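These are the residues of each chain, in order.
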Amino acid sequence: MRKKIDLIIIGKFETIDYKSYSQLPLDRIDIYSDLTQNRMIYLDNGFHHSLDIYNHIKYNRYYDESSYEERRKMYNIWNLPSLNPALAATPMINNGLNCKIINNLDSDFDIFVELAQSMDRPLIAISTTFLLTWSVIGKVINKIREKIDRPIFIIGGAFINDQVSTKGIETLENPLRKYGISYAIHSYNSEYDLFNLVSNIDSKDFSKVNNLTYFDDDKFCLTKDQWNSPYILKNDIPPWDKIDLPENNKTIQLRSSSGCTFKCSFCTYPVQSKGFHPAQMDYLKAQLEIIKHMDIENIIFIDDTPNFPVPRFKAMLELLKKYDFRWYSFIRAQYIDDGIARMMKESGCDGVYLGIESADNQILKYMKKAANTKIYMKGVEYLKRYDITTFAAFIIGFPGETSKSIQTNIDFIKNSGIDYYSLKEFWYAPNAPIAKKAKEFGLEGFGNKWKHNTMNSNEASTVKMEIFNNISESIYLDSDSGLWYLAYMRDQDYDWKTIADSQRIIVEMLRYDNQKRYLDKDNLLSSLSDCITNN
Ligand code: B12
Ligand code: SF4
């Protein structure tokens, strides 16, 4: 007999509604182009994610037009399994609960429905790690209600934590009521809070469950607010061989530390994570020991600064050398030298994400990046020497940005040898350290709408487009997927040359759309087809 399911956790799903954009009239593109530009490609009367153009070529149909079974085999960045549901489910699975993970609801909806319909009272957790609005949560809840009777929803993860830390716990009550969500857990590192909730859900005795909000007879109730340090001991490792992973995948995401020792002035992460929490190497080793017996070839580390402190990083590389994985991660270029780059290559490093942010020394000082142009150049040179693919992310419009600092970035992108780059307008988070210097920089606004003494958000968008249109020495990648896109293509057996050649064609398609040549892409489509079918 099949063991009863205690909980289903949904890791992620697409939040961009390509269909709605496709229904908007093209002759009024100027009104909404900031939402589609450089993010989607227009083809066959609609906007698509660039990976869906690959689907169109390889399968002769788009992802949305395909069955769930077919979608699981098609290209979609969310088919790559992420770490959030695996970590959230770890204590439950390690303590014998039957917790099912739905990696990408858009591909696995049929599996989800079958599992949920087998439950007497479907208990469904939604991870908000990749979500940024309540409305997308509402949409997914409605979609689930159409198929599942009397579901009970639990919500948690990065978005909920962020909402509570910036707006206070009261901010949860209205949306929870509106969408009929019974429980919200609002703590960082909340896997044991979730385990305690699920273990006590029948008795409804929540005296031992921290960081929970719930309704008791329609009354909005809270339990004790308690900081959790990250669970990174050997006993806390995700039981990878018992975790549901998607088919058509050879990659696992891992972390060997949580938090960050740096305090870059635009970043809220160190504030939220309360410092840097490195795990012992045993924590990593135990996971490598499990996954070496699985059908896994690639690892993506989500650590923010895995190569600092340097001695710890060297120990990690020595450990990785004993296995045969290809790996990818964020890297701080200023701590790379020849010896480290060599060790990285020998241990399987295939690609890195460099948070360069700016190549201008003055802006780097304002950002508190503890780096400078020269040292960045050197770091990239060492990585290239050992044939490690580099992706570098830049922020446009940080306080103090001028046309001169922009030119420094352009020169760096053109001359440093980085393989791929992305551009993102400065995002003004009121809880980031730079907010304390708002007066000094004349910084006003919020999020993607801001101005300061030397630039405003509209100007930053214009500058971004100018850079995008003028660089051919390095290849542009969407900042929302970056290194993960490259690692995903490698997972899908693409060689680096094909990834580069095909992405150059994708960039050209984006440029055509920017020039309003929406219906003019036949040649590009056929070049892309030649490129990827010959891989
Ligand atoms: C990998 C990654 C990606 C990859 C994902 C690829 C893939 N297939 O996995 C890519 C590059 C595609 C990506 C894209 C985006 N990402 Co991203 N990404 C990350 C990253 C580096 C790791 C995510 C992860 O797996 N974390 C693992 C664990 C640690 O996540 P966690 O949420 O903290 O989970 C813990 C708890 O919250 C809890 N938990 C998790 N789920 C649940 C559910 C319940 C019910 C409960 C109770 C608990 C619980 O358990 C975990 C263990 O404690 C994080 C940064 C980070 N270090 O987390 C950013 C991060 C998640 N991304 C973020 C953002 C904003 C995005 C984008 C929107 C891009 C953008 N504009 O910046 C897009 C999404 C676009 C879209 N939706 O279409 C933000 C999210 C902020 C938020 N939600 O408030 C983060 C936190 C980075 C940041 N600080 O800005 N991303
Ligand atoms: S940007 Fe990266 S290195 Fe800087 S504080 Fe944030 S997480 Fe740390």
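Residues numbered from 1 in each chain as written. Chains lettered and ligands numbered in written order. Predicted model: local features only at pLDDT ≥ 70, side-chain atom pairs only at ≥ 80, totals over all residues.

Some thoughts on the environment of V463
- Tracing the backbone through its elements, the reader meets V463 in helix 19 (residues 457-470).
- Spatially, the C-alpha atoms of V463 and G397 are 8.7 Å apart, while their sequence positions differ by 66 residues.
- Discounting residues that sit within four places of it in the chain, V463 has contacts with I396 and I406. (Helix = DSSP H or I, 4+ residues; strand = E, 2+ residues; numbered from the N terminus. Contact = placed C-beta atoms within 7 Å.)

Focus: the site of ligand 2
- In the vicinity of ligand 2, the contacting residues are C260, F262, K263, C264, C267, Y269, P270, D304, T305 and G355.
- A per-class count over the shell around ligand 2 returns 6 nonpolar, 2 polar and 2 charged. (Near = placed C-beta within 6 Å. Nonpolar A, V, L, I, M, F, W, Y, C, P; charged D, E, K, R; others polar.)

Description of the site of ligand 1
- The full set close to ligand 1 counts 36 residues, and S82, S127, T129, G156 and G157 are the nearest of them.
- Looking at which element gives the most residues to the shell around ligand 1, the answer is helix 5 (residues 83-94), with 4 residues.
- Classifying every residue of the shell around ligand 1 gives 20 nonpolar, 13 polar and 3 charged.
- Two domains share the shell around ligand 1, each providing at least three of its residues, namely domain 1 (1-249) and domain 2 (251-493). (Domains from an automatic or database assignment.)

Some details on helix 21 (residues 496-514)
- Here helix 21 is 19 residues long and its end C-alpha atoms lie 27 Å apart, about the 27 Å a rise of 1.5 Å per residue gives.
- All buried positions along helix 21 are accounted for by I499, S502, Q503, I505, I506, M509, L510 and D513. The buried side chains of helix 21 occupy one side of the element, clustering within an arc of 160 degrees when seen end-on.
- Here the buried face of helix 21 lies against strand 2 (41-43), helix 3 (50-59), strand 21 (475-476), helix 20 (482-491) and helix 22 (522-533).
- Positive backbone phi, approximately 65 degrees, marks K516, located one or two places after helix 21. (Expected span 1.5 Å × (residues − 1). Buried ≥ 20, exposed ≤ 12 C-beta atoms within 10 Å, placed from the backbone. Arc of directions from axis to C-beta.)

Describing the pairing of strand 9 (residues 219-222)
- Sheet analysis places strand 8 (residues 212-216) next to strand 9, joined by 4 bridges and oriented antiparallel. Residue pairing in the sheet places Y214 in a bridge with C221 of strand 9. (Pairing = 2+ DSSP bridges.)

Side note on the domain arrangement of the chain
- Considered domain by domain, the chain is made up of domain 1 (1-249), domain 2 (251-493) and domain 3 (497-535).
- For domain 1 and domain 3, the distance between their C-alpha centres works out to 33 Å.
- Residue-level contacts link 12 residues of domain 1 with 11 residues of domain 3.
- Per element, the largest residue contribution to the side of domain 1 that touches domain 3 is 5 residues, and it comes from helix 3.
- In terms of residue class, the side of domain 1 that touches domain 3 is built from 8 nonpolar, 3 polar and 1 charged.

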